[in-house]
Amino acid sequence: MTGYVLRRAALSVGVFVVMAVLTYLGVAALPGDACTALLGRFATTEKLAQCRADNGLDAPVLQQLGDWVAGLLRGDLGYSVKRGAPVGELMAPRIRNAMLLAGVASLLAFPAAIAVGLATGRREQSKVSRTVDTAALVAMTLPEFVTASVLWLVLSVWLPILPAVTVVSSDDSIIDLLPNVWLPAITLAVLVFAHVMRSMRASVSATSRRPFADAARLRGVAEATVVRRHILPAALPPTVNVVAVTAAWLLTGTFVVEVVFNYPGLGRLAVDAIADRDTDLIVALTLLGLAVYITASFLADAVIRLLDPRVRAGVGRS
Amino acid sequence: MSGPAIEVEGLTIAPCGAGVGGAVLRDIGLRVEAGTRLGVVGESGSGKSTLLRAMVGNCGRGLEVVAGSARTAGHDLFALPDGDRRALLGTAVALVPQSVGLSLTPHLTVEAQFRDVGMGDRTSELLDEVGLRGESMRSRYPHELSGGEQQRVLLALGLARDPGVLLLDEPTSALDVGVADGILRLLEQTQERRGLTLVVVSHDLGVIERVATRVVVTRSGAIVEDESLEQLMRSPRHPYTRALLDAAPSLGQRHARRGNEGDSIASTEQVVRADALTVVRTSAEGGRARRASWRSTTALDGVTIEIRRGEILGVIGESGSGKSTLLKTMCGVLTPASGTLAMSDGANLATPLRKRPSHLLRRIQMVMQNPDDSLNPAHTVRRILQAGTSHDDDASAALLAAVHLERSLLDRRPGSLSGGEKQRVAIARALARDPEVLLLDEITSALDVTVQAAVIATLVELHERLGTTMVFVSHDLAVVSSIADRIAVLRNGRLLEVADTARLLEHPGDEYTASLLALARR
Amino acid sequence: MSTVDPVDPVDPVDPVDPVDDIDARATAPRRRRRWLSVGAAVVAGHVLLALFVPLLPLQAPTAQDATAVLQGSSGAHWLGTDDLGRDVLSRTLWGGRPSIGIAFGAVLLAALLGVLIGAAAALAGGWLDDVLMRVNDVLLALPSLLVLMLMASFVGRQPVVLTLTLAVMYAPPIARLVRGATLGVLGRDFVVAARLRGAGSGEIVVREVLPNIRGVVITEVAMQFSWILLAFSSLSFLGLGTTPPTPEWGLMVAGARTYITINALPLVAPMVMLASLVLAVNSLIDRSALGEPS
């Protein structure tokens, strides 16, 4: 197991480094830069040149890349032209907020999704099971801004349980943020629940029909034991993948929900950064997204290996 | 226990909501006395597996009991509440299911599976009883066990709680002859030692002959024969049973049209020759790991053999012997690591399939084992037969006629054909290119015994008419010996011997061949 | 959640033995067919609407009227007006054109790319397969909405740019599926039989493989269509997609949010339209996927 972990880690780091360089070059290659955004459409050429010189944007791209990589190795993520602050400083509180949001959403969604998926998967044909599945399908396929708006309408306007628009800044303490986390977290949780539950349900249903589950029942093994020891570990692997992808999404893909609720997380920051053409910040956010995804993927694989001895042994797929 | 161990009366089982019309089991009645051994034989779809499940009070998904009852160990199973019925499973009656590879939970060790039925501390003892070394087996995972070992573990699990009745569904179907023999011997010993009532289901009459004292024959959901074994073998009452007995060849019995050695058309002219042929196969390991580590086995090791024009050469061996590898190398799917393989005029057969010129391609054609896999389900029979040729419908119809199929099949798709029909279409397809050598890779192994007999008959007829050289690979010595002129014996990639059929049967040159013959004769 | 790729839950190592799967036959086909026809009708309706709405006798969707702002339903305006006095009914009916148009273009392109890449990777194997799949994985790892926002913001919001970006971001799941399905078919004996008769790789893909994977590929393409639709609407919602005053559902929802307490129609109408289309597409996929044991 350790050999596998080390190999995967090394590979992931390698992929990440390559991606980092490519992303930087990619963003730098796009037309326009932070100065055009900062100074607007009617900026004069001299002002643009001045701005670029001030911010080191007039150097050749490869040199900028080199400087950036050098900075990266020192732990310096770059500088935000628009906000006039180092990227690291700007991102830190947002990362904390993002983790709070993702954490709350995860707690709301994952345990429930797996439990409900297990319960409905065992009785796939029942009315309740199919209704839940359809409801989840609806929740999953609606655009996030629709779900967010509907939840906002219901929970904030009609039955005012939760505060609506966040009037907090990103630096507020967690206690202050808490009342404002709920709406975005619930919206995200609904989506995550739908995805994970459906995956679990389909997987449990398919696994229940496999010969070994049947064989266990025919041996007289109690149903609860069959579900717990035979079906669940075999049904989990595909859902583990879904959990990993959705968990990564909770940290990196929440743009729309954060805009709707004005939540000061990474999603909002990304939207603003792109509008401001803040290269360093954009690159840092993209790389964070990649790192999160790679890590989640890696963890998912590790968990699956733990669950399925055949994967550990390297039994090939026929 | 007084009374019969198992008593089934008027049992009819059908898909839920379908009613008697679509019944899977129709008005079944039978009695099994305690301590006896019943064999249930029938072809696929006859309902034998469903009958076995009914004896534990389980219907199978989507099925329901429409009429009748099943009593096992004195309990009317379908009348019991669920809890009570489940309590009987494993304790009064145990079912050992088929497809052993799929019936053991892949992520649980052997010991864990025993713990589930509350017999964790008896694991070693039970494993020893079925001939496995308990101490080393207990912590293994199912995928680490061979087919025979898996079967024994399932048997031990069934016996764990000392049931009085043991039901087995196809206990030897996926196993090599030697391994199967071991399992059957184990069954006999276990039944005697524990005084069990045994019911064994199999499509293989040979297995039933070996194990049962009483036999029930199923066909299309009904019982057509219920006899003692000797009575059945001597003079069966039902014509279907007669057909089953006739269809399965016994060792040494020549196929009617093949005649004896002296009459064979085969000449001594060589058509294909292999010299010191060695083929290495690699299988990918590594599952999810990016870098797969490859395990290579020498599938064929220095095989030297010649194939004579116009003969039927039988190739026999157990799994892993290299017989399929030999065929695949001949047709170019695999390439040799060393040695030569060529046709009599020098055409090199060591070239891989993709690189062979078309005139070489057509000279060697193959029919594969699984008819469900060898025909493209999205194509019509017409397309299958005409692809790559310039044949028109008349030519295709002639091919179909040669394998005793109707012209109307041209418009049908494989999904609507039976296994036997599909296999015959596959043969017709191979013949469409008028090959010099026809390779047949276990073509009857996936078929029911009566269908197998029909396909073999067709094959023999074709051989008579066309004189095509054929290489017939099988694990079934009886079938091979009934049609082949010569037989080659492979084991672990090596050619042990090759000889005329009659001589091989009477005086096998190799000890291994002799043991195979002995097993086939049982 | 336009960035999440729904994962196929069936374990590919041990397929369910079809003989045991009797209840797959026993499920009510009639119920399924009813849903299928409702879904198909809704999708067809949307597509026809998007194509032919210019022919309908509607008020101009961009015509503003400062005197009739945020009015409720009336004889002149069946669904009322929005914050600039524009007719909501007209804008709602026109609102599907940009997203449906771009989504169709993008998904067709993505399907083409996906099939080519997936089939090439499966056929070639070896290093080409590795490289293609690595690139594929990286594209999957990038949050698609982020890349879309980047392209829209930096390069421009022209339909061509957005369509190409969408196609590139949404081809990877199709490529991965096509590769997997193709590998599955390539291992089967009838492909060996085809090679025995001299068929080349191209012919094998077209004649042997494609007819057998058609079902799963179409299902996946339909699924990606709905994700692309959502992505584009989300992009418009964020202000980076369609440029105002062109009506588009996502854009309309964004604009109407602030006025929800005064008049909910400008928010609800486009939401219903978008939701109905996406739900209809997904109901088609879901039901047809259940009915096809490919």
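All figures in this text were calculated on a predicted structure; none of them were measured in a lab. The residue count restarts for each chain, going from 1 along the sequence in the order it is written. Each chain takes a letter, starting from A, and each ligand takes a number, starting from 1, following the order in which they are written. The predicted nature of this model means local features are confined to residues of pLDDT at least 70 and side-chain atom pairs, given and counted, to a pLDDT of 80 or more, with totals for whole chains, interfaces and linings taken over all residues.

1. Details of the interface of chain B and chain C
What counts, and what does not: In this description, any two residues whose backbone-derived C-beta atoms lie within 7 Å of each other are considered to be in contact. Working definition: helices are DSSP H or I runs of at least four residues, strands are E runs of at least two. Numbering for both runs from the N terminus. Amino acid classes used here: Ala, Val, Leu, Ile, Met, Phe, Trp, Tyr, Cys and Pro are nonpolar; Asp, Glu, Lys and Arg are charged; the rest, including Gly, are polar.
On the chain C side, the residues contacting the 28 residues of chain B number 20 residues. For the side of chain B that touches chain C, the secondary-structure elements that each account for two or more residues are α13 (358-361), β15 (364-367) and α14 (371-374) of chain B. Taken together, the residues that form the side of chain B that touches chain C break down as 14 nonpolar, nine polar and five charged.

2. Remarks on the interface of chain A and chain C
Chain A puts 49 residues into the contact, and the matching count from chain C is 45 residues. Broken down by secondary-structure element, the contributors of at least two residues to the side of chain A that touches chain C are α6 (127-141), α7 (144-158), α8 (174-208), α9 (211-218), α10 (223-252), α11 (255-261), α12 (266-275) and α13 (279-307) of chain A. By residue class, the composition of the side of chain A that touches chain C is 30 nonpolar, 12 polar and seven charged.

3. Remarks on unusual backbone geometry
It is generally the case that most residues other than glycine have a negative phi and that most peptide bonds are trans. Of note, the bond from Pro 244 of chain C into Pro 245 of chain C is cis; its omega dihedral lies within 30 degrees of zero at 10°. Tracing the sequence through the fold places Pro 245 of chain C in the loop between α9 (201-237) and α10 (249-256). Despite not being glycine, Ser 220 of chain B has its phi angle at roughly 50°, a positive value. Here Ser 220 of chain B is to be found in the loop between β9 (214-219) and β10 (222-228). Phi at Asn 492 of chain B takes a positive value of approximately 50°, unusual for a residue other than glycine. Along the chain, Asn 492 of chain B falls in the loop between β18 (486-491) and β19 (494-500).

4. Thoughts on the confidence of the model for chain C
Parts of the model with low pLDDT should not have their predicted coordinates read in detail. All names here are of chain C. Using the following cut-off: Predictor confidence is given residue by residue as pLDDT, running from a minimum of 0 to a maximum of 100.
For chain C, the average pLDDT comes to 80, and 85% of its residues sit at 70 or higher. Note that residues 1-28 has pLDDT below 50 and, in this model, 64 contacts with residues that lie over four places away or in other chains. Counting contacts from residues 289-294, a segment whose pLDDT is below 50, to residues more than four positions away or on other chains yields seven contacts. Across the interfaces of the predicted complex, the ipTM metric reaches 0.80, alongside a pTM of 0.83.

5. Observations concerning the packing of helix α7 (residues 159-186) of chain C against α9 of chain C
All names here are of chain C. Here is the rule we go by: Each axis is a line fitted through C-alpha atoms, taken for helices only over the stretch in contact, and angles between the N-to-C directions span 0 to 180 degrees. Note on angle classes: values under 35 degrees are labelled roughly parallel, values over 145 roughly antiparallel, values of 65 to 115 roughly perpendicular, and the remainder oblique. The hand of a helix crossing depends on one turn: near helix anticlockwise from the far one by less than a right angle means left-handed, and clockwise means right-handed.
Running from N to C, α7 and α9 point in directions that differ by 160°, and their axes come no closer than 9 Å. When the interaxial angle is binned, α7 and α9 end up roughly antiparallel. In this structure, the crossing between α7 and α9 has a hand that is right-handed. Taken together, the residues that form the contact of α7 with α9 break down as 18 nonpolar, three polar and two charged.

6. Let's talk about the sheet that holds β19 of chain B
Residue and element names in this part refer to chain B. Defined as follows: Two strands are said to pair when DSSP picks up at least two bridges between them.
An order of β15-β16-β17-β13-β18-β19 is seen for the six strands of this open sheet, with the pairing classed as mixed. Here the strands that pair on one side only, and so sit at the sheet edges, are β15 and β19. Between one strand axis and the next, the sheet turns through 20° on average, direction left out of account. Across five bridges, strand β16 (residues 437-441) lies against strand β17 (residues 469-474) in parallel orientation. Paired with Val 437 across the two strands is Thr 469, which belongs to β17.

7. Considering the packing of α7 of chain A against α8 of chain A
Residues and elements named next belong to chain A. The geometry of α7 relative to α8 is characterised by a closest axis approach of 10 Å and an angle of 130° between their N-to-C directions. Put simply, α7 runs oblique to α8. In this structure, α7 crosses over α8, and the sense of that crossing is right-handed. Between α7 and α8, the residues in contact are Glu 144, Thr 147, Ala 148, Leu 151, Trp 152, Leu 155 and Ser 156 and Leu 183, Ile 186, Thr 187, Val 190 and Leu 191, respectively. Its residues assigned to classes, the contact of α7 with α8 comprises eight nonpolar, three polar and one charged.

8. Topic: the domain arrangement of chain A
Residues and elements named next belong to chain A. So the rule is basically this: Note that domain bounds follow an automatic or database assignment of domains.
With domains assigned, chain A is organised as domain 1 (16-76) and domain 2 (88-312). Put simply, the middle of domain 1 and the middle of domain 2, counted by C-alpha atoms, are 35 Å apart. Between domain 1 and domain 2, the contact holds 13 residues from the first and 12 residues from the second. When contributions to the side of domain 1 that touches domain 2 are tallied by element, the ones reaching two or more residues are α1 (2-29) and α2 (34-39). The biggest single contributor to the side of domain 1 that touches domain 2 is α1, with seven residues.

9. Regarding the environment of Val 315 of chain B
Residues and elements named next belong to chain B. Note the cut-off: With C-beta atoms placed from the backbone, a residue is labelled by how many other C-beta atoms lie within 10 Å of its own: buried for 20 or more, exposed for 12 or fewer, partly exposed between the two.
Mapped onto the elements, Val 315 comes out in strand β13 (residues 312-316). You can call Val 315 buried: it has 27 C-beta atoms within 10 Å. Along the sequence, Val 315 and Val 211 sit 104 residues apart, while their C-alpha atoms lie 29 Å from each other. Aside from chain neighbours lying at most four places away, what touches Val 315 is Lys 323, Leu 326, Val 471, Phe 472, Val 473, Ala 488 and Leu 490.

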